[in-house]
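The primary structure of each chain is shown beneath.
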2 protein chains.
Amino acid sequence: MKIIIVGGVAGGMSAATRLRRLDESAEIIVFERGHYVSFANCGLPYFVGGIIRNRDELLLQTPESLEARFGLDVRIDTEVVQIDRQAQTVSVRNMLTDEESVEHYDRLVLAAGASARSGATESTIPTHTLRTVDDVDHISAVLTSAAAASAVVIGGGFIGLEAVENLVHRGVHVTLVQRGPQIFTPLDPEMAAPVLDRLFERGVDVRLNTTVTGGSGNSVELSDGTSVPADLVIDASGVRPDVTLAQQAGLRIGAGGGVWVDGTQATSDPLIFAVGDGVEKTDAVNGSGTLVTMAGLANRHGRSVADSIAGTPEQAAPALGTGILGIFGLTVALVGWNEKRLVATGRAHRIVHTHPANHAGYFPGAEGMSIKLLIDAETDAILGAQIVGGAGVDKRIDVIAVAMAAGLSASALTRLELAYAPQYASAKDPINQLGYVADNLAQGTSVNLQWHELAAARAAGAALVDVRSAGEFAAGSIPGAINLSLDDLRERLVELPRVPLIVHCQVGQRGHTAARILTQRGFDVQNLDGGYRTWLAGTS
Amino acid sequence: MKIIIVGGVAGGMSAATRLRRLDESAEIIVFERGHYVSFANCGLPYFVGGIIRNRDELLLQTPESLEARFGLDVRIDTEVVQIDRQAQTVSVRNMLTDEESVEHYDRLVLAAGASARSGATESTIPTHTLRTVDDVDHISAVLTSAAAASAVVIGGGFIGLEAVENLVHRGVHVTLVQRGPQIFTPLDPEMAAPVLDRLFERGVDVRLNTTVTGGSGNSVELSDGTSVPADLVIDASGVRPDVTLAQQAGLRIGAGGGVWVDGTQATSDPLIFAVGDGVEKTDAVNGSGTLVTMAGLANRHGRSVADSIAGTPEQAAPALGTGILGIFGLTVALVGWNEKRLVATGRAHRIVHTHPANHAGYFPGAEGMSIKLLIDAETDAILGAQIVGGAGVDKRIDVIAVAMAAGLSASALTRLELAYAPQYASAKDPINQLGYVADNLAQGTSVNLQWHELAAARAAGAALVDVRSAGEFAAGSIPGAINLSLDDLRERLVELPRVPLIVHCQVGQRGHTAARILTQRGFDVQNLDGGYRTWLAGTS
Ligand SMILES: Cc1cc2nc3c(=O)[nH]c(=O)nc-3n(C[C@H](O)[C@H](O)[C@H](O)COP(=O)(O)OP(=O)(O)OC[C@H]3O[C@@H](n4cnc5c(N)ncnc54)[C@H](O)[C@@H]3O)c2cc1C
Ligand SMILES: Cc1cc2nc3c(=O)[nH]c(=O)nc-3n(C[C@H](O)[C@H](O)[C@H](O)COP(=O)(O)OP(=O)(O)OC[C@H]3O[C@@H](n4cnc5c(N)ncnc54)[C@H](O)[C@@H]3O)c2cc1C
Ligand SMILES: CC(C)(COP(=O)(O)OP(=O)(O)OC[C@H]1O[C@@H](n2cnc3c(N)ncnc32)[C@H](O)[C@@H]1OP(=O)(O)O)[C@@H](O)C(=O)NCCC(=O)NCCS
Ligand SMILES: CC(C)(COP(=O)(O)OP(=O)(O)OC[C@H]1O[C@@H](n2cnc3c(N)ncnc32)[C@H](O)[C@@H]1OP(=O)(O)O)[C@@H](O)C(=O)NCCC(=O)NCCS
């Protein structure tokens, strides 16, 4: 059996090594148009920042090491330029010599990844994407030789924000240019607010609703009419599946623009398989085609495509889109759908915001985080989550991702028996607490209201009661709220107006107890979800 | 409705507060024989060590705060001494005045916790358990007033080891006395080995297979005939459910010695409920009664017993026994059953040992960990896991605990979509890698051999092939192994004897590729699970 693999990094090389382990006798050729295979794409920004110091660290394998260990025929600097499905051949071009040749395949694996969408316009300032080893070599050259003092980063997504952090880490002044009104759009706006704050704190000049219109000398022109200094532009406007070959070969392309594959990674041609950033996955929430350009799935599906080819196919699990970002000491993590998307598709949902600490408050060093959980209003299924904070964020997103993958309901989070000692967690872990709140919503034990629903509810006649202490109230409150602290509530009930009430505290927890007291006294009560803190983040 | 709760800490107070939120009109009395309620038991060792500096941090609530917020009638220094089930009354004694009185109940909740099993014998050296605020006051008094220089800790379980760490942190020389041959018996021996190493490194004098036989002056006598200096003895020999009241009232007691309850926390008397360390849970692995003396379940079941009483009962999830311990910078975590228990009950199982890093190796600061996964040989269900290492251990045990709770198979760990960026995880997370190895075993793609099976296999004629590099081999190897490095294997096959082969590398990963090569060349091959590292830990 002769297997040809297009693309020699995450998906492609995972397929190649697993194939070899399954079949010592197969002929396996990997074509990679770049000069490097098996490199750590995800480490590139940190090499730019000087956090990863040794360039060799980025190169996990070489053609030589792959030949020695796995008997792979890895051909770098070689582009596959065409597929002939009838003949079962690919045409390849040696990019150094421009020579073309043809190779026959029994099975073909496309692992061509994604390509950059450009957001930059003509300019004389050095402009680079941040996707390959060559890119970082170019960027590093500009940074060192020109002693670059300032840079513009286009796009506030995963890679854009990693670029920002690493440039700042190198002492470069950064302007972040974002087309839309919010950075890091996988988050909902109130969850992205602390990220924006952090960028400002670290001196990043963030320009929202802005694009780059041109540039010359050391200055980039923006659509808001201003210009900002820049010795370097990093274009991280986003990516799209690289489907050039697949399209030209007439393979089915999904609605989202990625190569269509079935659960065994087979394309519409049963001899051709595809994996990684170039293909569409099946969305775990609604079963539609979806693009998830993450290394975990590329590696995973790379391994399973080998199993498919070797004759033990398995159905891929639907994709959750779990992702994580470190930015200036904040960890930002997410899984599944956000509120924007649920609203856009009209899916009935419940929302929980909490603001727990990563471990027991009585143990020194606890760090805070904010969690948002999105829940199916009919089935109580978990639809998504977002977490922003310090230590322990990565743990909680993984726990939720596993719960989602396993089909646990939001209320079932109460029952998870997570490891507790005071330096690691709380006896009621933040995950259990999310479950408690979700359970109360599911049972109707409490009713909550979102920060963006507050104004309308008050306009319709509801009164807002702040049940925090007088001191907390004085330090900052929602305009027009009545302050009546939780511990005084039972005694001072008579002071409350007999209208629908919205109660709130700092994070939602005391509000919950207040709401229970008031509900049982015959009031119509809603608890402001996430309390003052979420309201502040949402309205900031 | 009048509800009486016996015990005012984790389980009891969680029941009381939730009950209040569900029922504003109930009369709720909490009896606590100690002087403190709602205290952080789990923080006590760290107060001894001076890591938690402020004693008030340990007291999460007071009778006054619980009265103010939850309208609870909390009576400290008051012991419940008898239950009269016919009359639905409890007799209580005020421990300060010795006055007795009787209280009627509609529902009774027993949350009496566990009591210490003593491993100490008569001695004139101050000897304390480490279970209450009073205990730590006494211990602290000895440590400061006597300027104690040395201590003996009896018992190397959770609390014993936490005591050791904290005493060392205060500059005290510690002898740890352990009755059996292994410290921290929830682990299997090869997983406990690095914990023992760490204790030695930190200067702890660990005495295995030893008990305390007496003591006087500043010296404790041990069963091995030696004596060790000690100004203080901490007795952490273990705990047993405190079932005094339940037993005397004729409630059903489980086989393991805890109060028997059904899934709604009802005892054999439908008006009496019980939660926490005093009750038996249902074991998640085999459905038997089991004792899990952990705060998470006490809190959780405390909340659900309130729901049961308020009329919305729910069935408890079976208990996994997830636990975690920090000891001198090592994190030790476990869930489910260990190998010892599987062997003892004759349950057919598979085992996987891995030694991954917590995050991408190319990102600076990666820390190692060792993982052991126990798998049902018939169903591929996860039966348990143990993890020892640095950062990221707590995350992985939680992920496995959720997978177990949700009934995911070991092979399904491959499919989990965990959050990856290089400073948090690997593109193939340690959890996914566990799944890959498990999947290979389930499919028969590879066959592994445990460290403790090696000697017998070699005695039966198998040859051992070390596929690491010559340098690694020279730095330490298993006596009698043939060294033939993986990358040379295909060319030097002829050098191998035609007998059953056991291959091994450092951690098992190269051994896997070697085994695949050899199997396809017609050899009978097993891969030494966990490689040299697990073998070394097991035989050390
Ligand atoms: C800067 C950066 C940071 C990232 N950080 C993270 C992160 O933290 N976490 C995460 O999960 N993911 C991250 N990713 C995404 C992750 O790297 C990708 O999801 C993953 O690499 C996709 O694997 P793939 O095999 O589909 O594509 P790639 O790994 O991109 O490999 C595709 C290869 O195919 C080659 N190729 C394309 N067409 C041809 C052709 N016609 N002929 C020959 N060769 C061809 C390309 O040159 C390329 O090398 C990051 C990506 C980048 C660029
Ligand atoms: C030092 C220490 C460290 C720990 N660390 C951890 C950890 O890191 N992680 C973890 O998960 N768990 C830990 N635990 C265990 C955890 O604290 C218990 O699992 C949990 O507190 C059990 O809750 P409970 O309500 O059953 O019992 P407890 O919290 O012990 O409360 C029982 C209360 O009942 C009272 N009582 C008993 N009988 C009577 C009576 N007849 N009348 C009146 N009052 C009575 C007792 O005085 C006691 O205060 C630790 C325990 C200790 C002691
Ligand atoms: C590294 C790369 C070449 C794949 O190589 P690989 O050998 O398949 O993958 P790994 O090194 O992770 O090893 C996994 C194999 O070791 C096995 N293994 C891992 N730990 C083991 C252990 N302790 N015992 C036994 N086997 C073990 C696994 O089962 C798996 O084998 P299988 O697929 O046959 O089941 C490919 O993933 C790659 O090029 N990666 C770099 C690019 C990239 O991923 N970029 C994005 C992220 S920065
Ligand atoms: C603290 C203690 C008194 C229980 O008090 P509690 O109010 O029931 O518990 P918490 O403070 O954790 O709050 C949980 C409640 O707040 C709610 N909540 C938490 N965060 C919320 C938020 N952001 N929004 C709305 N509600 C929230 C939960 O739903 C839950 O209410 P519910 O039970 O009605 O669903 C009891 O657990 C105790 O005494 N603990 C100390 C002893 C101990 O646990 N020791 C062992 C570990 S050291």
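In this text, all values refer to a predicted model and were calculated from it rather than measured experimentally.

Chemist: Help me understand the interface of chain B and chain A, please; the structure alone is not making it clear to me.
Modeler: Many descriptions give the size of an interface as the accessible area lost when the pieces come together. Opposite the 83 residues of chain B that make contact, chain A presents 83 residues. Of the roughly 7,000 Å² buried between chain B and chain A on both sides combined, carbon and sulfur atoms contribute 54%. At the junction of chain B and chain A, the tally comes to 14 salt bridges. Across the pair Arg415(A) and Glu314(B) runs a salt bridge whose closest N-O atoms are separated by 3.7 Å. Where chain B touches chain A, the interface holds 40 residue pairs in polar contact (both at pLDDT 80 or more). Here the side of chain B that touches chain A takes nine residues from helix 10 (residues 393-405) of chain B, the largest share from any one element.

Chemist: Any chance you could explain the side chain of Arg20(B) here in plain terms?
Modeler: Residues and elements named next belong to chain B. Along the chain, Arg 20 turns up in helix 1 (residues 10-22). Notably, Arg 20 is buried but unbridged: the nearest opposite-charge side chain belongs to Glu 24, and the N-O separation is 4.7 Å. Polar side-chain contacts of Arg 20 include one of 3.2 Å to the backbone oxygen of Glu 24.

Chemist: Help me understand the site of ligand 3 in this model?
Modeler: If you check the shell around ligand 3, you find 31 residues, and the closest are Thr17(A), Arg21(A), Ser38(A), Gln509(B) and His512(B). Those chains with residues close to ligand 3 are chains A and B. Between a nitrogen atom of ligand 3 and a side-chain N or O atom of Asn41(A), the distance comes to 2.8 Å. Look at ligand 3: alone it shows 970 Å² of surface, and the protein chains cover 91% of it. Mapped onto the shell around ligand 3, the elements with two or more residues apiece are helix 1 (10-22) and helix 8 (295-310) of chain A together with strand 23 (349-354), helix 11 (430-443) and helix 14 (509-520) of chain B. For the shell around ligand 3, the element with the highest residue contribution is helix 1 of chain A, accounting for six residues. Taken together, the residues of the shell around ligand 3 break down into 15 nonpolar, 12 polar and four charged.

Chemist: In this structure, what is going on with the domain arrangement of chain A? I would like to understand it.
Modeler: Residue and element names in this part refer to chain A. Under the domain assignment used here, chain A contains domain 1 (2-113 + 240-310), domain 2 (127-237), domain 3 (329-443) and domain 4 (448-539). In this assembly, 13 residues from domain 2 lie in contact with 15 residues from domain 3. Summing both partners gives a buried area of about 1,100 Å² for domain 2 against domain 3, and 59% of it is carried by carbon and sulfur. In this structure, Glu 190 engages Lys 372 in a salt bridge whose closest nitrogen and oxygen atoms are separated by 2.6 Å. Taken together, the links from domain 2 to domain 3 amount to 10 residue pairs in polar contact (both at pLDDT 80 or more). At six residues, helix 6 (residues 189-201) tops the list of elements feeding residues into the side of domain 2 that touches domain 3.

Chemist: Which parts of the structure should I look at to understand the relation of the copies chain B and chain A?
Modeler: Between the two copies of this chain, the relationship is a rotation about some axis together with a displacement along it. Overlaying chain B with chain A gives an RMSD of 0.0 Å, the required rotation being 180° about an axis along which the chain moves by 0.0 Å. Such a combination of turn and shift is consistent with a two-fold rotation axis. Taking the C-alpha atom as reference, chain B places Lys395(B) closest to the rotation axis, 2.4 Å from it. Of the interface residues in chain B, 100% have counterparts in chain A that sit at the interface too, so the contact is made through matching surfaces.

Chemist: Where do I start with helix 3 (residues 63-70) of chain B in this structure?
Modeler: In an α-helix, one full turn covers 3.6 residues, which means residues spaced three or four apart are oriented alike. Residues and elements named next belong to chain B. When helix 3 is considered as a whole, its buried residues turn out to be Pro 63, Leu 66 and Phe 70. Buried residues of helix 3 fall within an arc of 70° about the axis and therefore sit on the same side. Gly 71, located one to two residues past helix 3, shows a positive phi value of around 55°.

Chemist: Before we go on, may I ask you to explain the site of ligand 1 in this structure?
Modeler: In the region of ligand 1, 31 residues are neighbours, and Gly11(A), Glu32(A), Asp277(A), Ala295(A) and Tyr420(B) sit closest. With respect to ligand 1, the chains having nearby residues are chains A and B. The backbone of Ala10(A) places a nitrogen or oxygen atom 3.4 Å from an oxygen atom of ligand 1. Alone, ligand 1 offers 990 Å² of accessible surface; in the complex the protein occludes 93% of this. Counting residues per element, the ones that place at least two in the shell around ligand 1 are helix 1, strand 4 (78-84) and helix 8 of chain A. For the shell around ligand 1, a count of residues per class yields 18 nonpolar, eight polar and five charged.

Chemist: Sorry, what's going on with the sheet that holds strand 27 (residues 463-466) of chain A here?
Modeler: Strands pair in a sheet through their backbones, by hydrogen bonds, and they do so in one of two ways: parallel or antiparallel. Residues and elements named next belong to chain A. Across the sheet, which stays open at both edges, the five strands sit in the order 26-30-29-27-28 with parallel pairing between neighbours. Looking at which strands have only one partner, the edges of the open sheet turn out to be strand 26 (448-449) and strand 28 (482-483). When strand 29 (residues 501-504) meets strand 30 (residues 525-528), the two strands line up parallel, connected through three bridges. Among the inter-strand pairings, Leu 501 is bridged to a residue of strand 30, identified as Val 525.

Chemist: Looking at this model, I keep getting lost on the packing of helix 10 (residues 393-405) of chain A against helix 10 of chain B. Mind explaining?
Modeler: Each pair of packed helices gets described by two things: the angle between the helix axes and the distance between those axes. At a minimum axis distance of 9 Å, the contact between helix 10 of chain A and helix 10 of chain B shows a crossing angle of 15°. Judged on the interaxial angle alone, helix 10 of chain B and helix 10 of chain A are roughly parallel. The element helix 10 of chain A and its partner helix 10 of chain B pack so that their crossing is right-handed. Residues Asp394(A), Lys395(A), Asp398(A), Val399(A), Val402(A) and Ala403(A) of helix 10 of chain A form the contact with helix 10 of chain B, whose participating residues are Asp394(B), Lys395(B), Asp398(B), Val399(B), Val402(B) and Ala403(B).

Chemist: Looking at this model, I keep getting lost on helix 4 (residues 133-145) of chain A. Mind explaining?
Modeler: Residue and element names in this part refer to chain A. The first and last C-alpha atoms of helix 4 sit 18 Å apart over 13 residues, in line with the 18 Å expected at 1.5 Å per residue. For helix 4, the complete set of buried residues consists of Val 133, Asp 135, Val 136, Ile 139, Ser 140, Val 142 and Leu 143. Those residues of helix 4 that are buried are in contact with helix 2 (44-48), strand 9 (127-128), helix 5 (158-169) and strand 16 (232-235).

Chemist: Even after reading the chapter, I still don't get the pairing of strand 21 (residues 323-327) of chain A, so can you show me in this structure?
Modeler: On a regular strand, each side chain points to the face opposite its neighbour's, so the side chains alternate between the two faces of the sheet. All names here are of chain A. Among the five residues that make up strand 21, five are buried, leaving the element largely enclosed by the rest of the structure. Residues Gly 323, Leu 325 and Ile 327 point to one face of strand 21 and Ile 324 and Gly 326 to the other, with burial holding for every one of them. Where strand 21 and strand 22 (residues 330-336) come together, five bridges link them in antiparallel fashion. Residue pairing for strand 22: Ile 324 is matched across the bridge by Ala 333.

Conventions used here
- Residues numbered from 1 in each chain as written.
- Chains lettered and ligands numbered in written order.
- Predicted model: local features only at pLDDT ≥ 70, side-chain atom pairs only at ≥ 80, totals over all residues.
- Heavy atoms only, no water.
- Contact = heavy atoms within 4.5 Å.
- Buried area = accessible area lost by both parts, 1.4 Å probe.
- Salt bridge = Lys/Arg side-chain N within 4 Å of Asp/Glu carboxyl O.
- Polar contact = N/O pair within 3.5 Å; in protein donor to acceptor, adjacent residues only side chain to side chain.
- Helix = DSSP H or I, 4+ residues; strand = E, 2+ residues; numbered from the N terminus.
- Buried < 20%, exposed > 50% of the residue type's maximum accessible area, 1.4 Å probe, protein only.
- Lys, Arg positive; Asp, Glu negative; His and termini not counted.
- Near = heavy atom within 4 Å.
- Areas by Shrake-Rupley, 256 points an atom, 1.4 Å probe, with all protein chains shown as cover.
- Nonpolar A, V, L, I, M, F, W, Y, C, P; charged D, E, K, R; others polar.
- Domains from an automatic or database assignment.
- Least-squares fit on C-alpha atoms with pLDDT ≥ 70 in both.
- Arc of directions from axis to C-beta.
- Pairing = 2+ DSSP bridges.
- Axes fitted to C-alpha atoms, helices over the stretch in contact; angles between N-to-C directions.
- Parallel < 35°, antiparallel > 145°, perpendicular 65-115°, else oblique.
- Left-handed = near helix turned anticlockwise from the far one by under 90°.
- Expected span 1.5 Å × (residues − 1).

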